[in-house]
Amino acid sequence: MDNQQKPGSNNNRGLLIKVAVTALVAGLLGGGIAYGGANYISNRDTTSVPAGSNKSGTASTSNMKVNVSSQASKAFSNVKDSVVSVINLQKQSQSSNSLAGIFGGGNDSNSSSSSDGKLQASSEGSGVIYKKAGNSAYIVTNNHVVSGSNALEVIMSNGKKIDAKLVGKDAITDLAVLKVNSAEVSKVASFGNSDNIKVGETALAIGSPLGSQYATSLTEGIISAKKRTVATTDEATNQQTGNATVIQTDAAINPGNSGGPLINLAGQVIGINSMKLASSNSGTSVEGMGFAIPSNEVVSVINQLIKNGKIVRPALGIKYVDLSEISKSQQKSILKLPSSVENGVVVMETPSASTPAGRSGIKKYDVITALDGKKISTNSTLRDLLYKYKVDDTVTLTYYHNGNQKTTKVKLTETTSQLNR
């Protein structure tokens, strides 16, 4: 019976009595102390209220100071002046005044806009200053915080607003680098080694939840998982493009925290806050599931963005869809796949002869199932496997052509596409 009691049973009546008693006690504690009415009146003490001056009834505060210094507050103090709010400015073509932006993207609080084409604040997120060199300082934030911007502004920890320039961005890792004048920069953050974090250790998130009016808000939690795999989607098509390996934390991550730092108790940045899980696929509300891009990956990406302004990745040169998007009947009738093949990608167009896949003989409706012997699966997409290699590497593709399994060698070329392939 799973410890459930039927209505009317003795156990159930006992449970109801306990609930009632609890409610009664709670009511008494909430309202003060209650007594039996008649007995209270007849037995009460009749000592009178004293007369005279009320001057001695004044209250005062104590001069005693409590030392509440903690490692968390020290870590926060070490980093807070390097955390900024990032404002995404866009030209608006029509009048709007909506609060919808508060619950989307990077903050991301929407401002009213006019139809005259002037720049208006479209959304807000967070960022952290990590480098100061000469008269320049560099900020890391999320790509989705700056996406679509016509200009960018940064609000420093002292409240001053300054212009920012986009150095480079990468949609795949959701990272971007901005540059500002270093004259207003008093503090830069340092990166810790995300491989060294432990599940259960304290994690602190700093940022501007719901916008700059709550700038440098601090939340505390723990590391819930070091390497959690979550699906990533393309913002334009809303299709899954791969998987990201991220840090999971229960420190509160709210809209506007995007791009801000996740730090350890040493005051080191161990991740860049990027997303949170608000509900499950079934619609169940979720709390305490935030995700941050590990600092080791952040450092690798932002160094490339500083150097090249973009991330160069290897490419096959194909357009494809996941096999799961093709009906079982068409997998059999058109692709002629054996029933044992459950995962892979379907090439939707015969690639150009100038592409790696085209030179290797890949054709339309071929189904690629493995790269260098590593199978494509629900947890390891083609993109995940491909991006482990470098430009000019040669890999072996396993694929099916008209139902027959084949292999071919492919020399990878470079792409700067944000959409993989």
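This one's a predicted model, so the numbers in the text were calculated from it and none came from an experiment.

## Some words on the overall build of the chain
Item 1. Of the regular secondary structure elements, the chain holds 8 helices and 20 strands.
Item 2. Going through the 421 residues of the chain one by one, you find that 40% of them count as buried.
Item 3. A total accessible area of about 23,600 Å² is found for the chain, and carbon and sulfur atoms account for 49% of it.

## Side note on the pairing of strand β3 (residues 136–141)
Item 1. Burial of β3 is extensive: 6 of the 6 residues sit out of reach of the surface.
Item 2. Side-chain alternation along β3 places S136, Y138 and V140 on one buried face and A137, I139 and T141 on a second face that is also buried.
Item 3. With 5 bridges connecting them, strand β2 (residues 119–133) and β3 associate as antiparallel partners. Of the residues in β3, the one forming a bridge with V128 is V140.
Item 4. A loop of 2 residues connects β2 with β3, the two strands running antiparallel in sequence, and G134 in this loop sits at a positive phi of about 65°.
Item 5. Strand direction decides the pairing type here: β3 and strand β6 (residues 175–181), joined by 6 bridges, are antiparallel.

## Examining the nonpolar core
If you look at soluble globular proteins, the nonpolar side chains tend to sit buried side by side.
Item 1. Grouped together as the largest cluster of nonpolar side chains are 23 residues, with contacts concentrated most on V140, L175, I263, I272 and V298.
Item 2. Among residues more than four places away in sequence, those in contact with V140 are G127, V128, Y130, L175, A176, F191, G259, I272, V298 and I302.
Item 3. By size, the runner-up hydrophobic cluster in this structure holds 21 residues, among which are I172, L385, Y399 and L412.

## Comments concerning the confidence of the model for the chain
Caution applies to low-pLDDT parts of the model: their predicted coordinates are not meant to be read in detail.
Item 1. Summing up the model confidence of the chain, the mean pLDDT is 81 and the portion of residues at 70 or higher is 77%.
Item 2. Predicted confidence for residues 95–115 stays below pLDDT 50, and this span has 58 contacts to residues more than four positions away or in other chains.
Item 3. Low pLDDT (under 50) marks residues 417–421, which in the prediction has 18 contacts with non-local residues, meaning those over four places away or in another chain.

## Let's talk about the packing of aromatic side chains
Item 1. For the structure on display, the rule yields 1 aromatic pair.
Item 2. Between the aromatic rings of Y130 and F191, the centroid separation amounts to 5.8 Å while the plane-to-plane angle is 55°, which identifies the pairing as tilted. Linking Y130 in strand β2 with F191 in the loop between β6 and β7 (202–207), this pair joins segments that are 61 residues apart in sequence.
Item 3. Residue class for F191 comes out partly exposed when judged on its relative accessible area of 24%.

## Brief notes about the environment of S149
Item 1. The residue S149 is located in the loop between α4 (143–146) and β4 (151–155) in this model.
Item 2. Sequence-wise, S149 and S123 are 26 residues apart; in three dimensions their C-alpha atoms are separated by 9.4 Å.
Item 3. A polar side-chain atom of S149 sits 2.9 Å from the main-chain carbonyl oxygen of V146.

## Notes on a nonpolar patch on the surface
Item 1. Taken together, the side chains of I334, M348 and Y365 define a hydrophobic patch exposed on the protein surface, amounting to about 240 Å² of accessible area.
Item 2. Of note, Y365 is situated in the loop between α7 (356–359) and β16 (367–371).
Item 3. Note on Y365: relative accessible area 35%, which makes it partly exposed.

## A look at the pairing of strand β19 (residues 404–411)
Item 1. Pairing of strand β18 (residues 394–401) with β19 involves 8 bridges; the strand directions are antiparallel. Within the sheet, the bridge partner assigned to T394 lies in β19 and is K411.
Item 2. Counting the residues that bridge the hairpin from β18 to β19 gives 2 residues, and of these N402 lies at a positive phi of roughly 55°.

Calculation notes
Residues take numbers from 1 onward in each chain, read along the sequence in its written order. pLDDT decides what is reported in this predicted model: residues at 70 or higher carry local features, side-chain atom pairs at 80 or more are listed and counted, and totals for whole chains, interfaces and linings draw on all residues regardless. The side-chain figures draw on all heavy atoms in the structure; neither hydrogens nor water molecules are used. Segments assigned H or I by DSSP are reported as helices when at least four residues long, segments assigned E as strands when at least two residues long, and all are numbered from the N terminus. Throughout this description, buried means an accessible area under 20% of the type-specific maximum (1.4 Å probe, protein chains only), exposed means over 50%, and partly exposed covers the range between. Each accessible area is a Shrake-Rupley result for a 1.4 Å probe, and residues are judged covered by the shown protein chains and nothing else. At least two bridges found by DSSP between two strands are what make those strands a pair. Here the nonpolar core consists of buried residues drawn from Ala, Val, Leu, Ile, Met, Phe, Trp, Tyr and Cys, with membership extended through side-chain atoms lying within 4.5 Å. Note on definitions: a residue-residue contact is assigned when non-hydrogen atoms from the two residues lie within 4.5 Å. Each residue gets a pLDDT score, which is the predictor's confidence in that residue and runs from 0 to 100. Pairing of aromatic side chains requires ring centres within 6.5 Å, counting the rings of Phe and Tyr and the six-membered ring of Trp. Pairs whose planes differ by under 30 degrees are stacked, by over 60 edge-to-face, and all others tilted. By the criterion applied in these results, polar contacts are pairs of N or O atoms within 3.5 Å in which, for protein atoms, one can donate a hydrogen and the other can accept it, and in which residues neighboring in sequence qualify only through two side-chain atoms. Only residues above 30% relative accessible area that lack a salt bridge enter a patch, with like-charged residues linked at up to 9 Å and the nonpolar side chains Val, Leu, Ile, Met, Phe, Trp and Tyr linked at up to 5 Å. Only one rule defines a salt bridge in this text: a Lys or Arg side-chain nitrogen within 4 Å of an Asp or Glu carboxyl oxygen.

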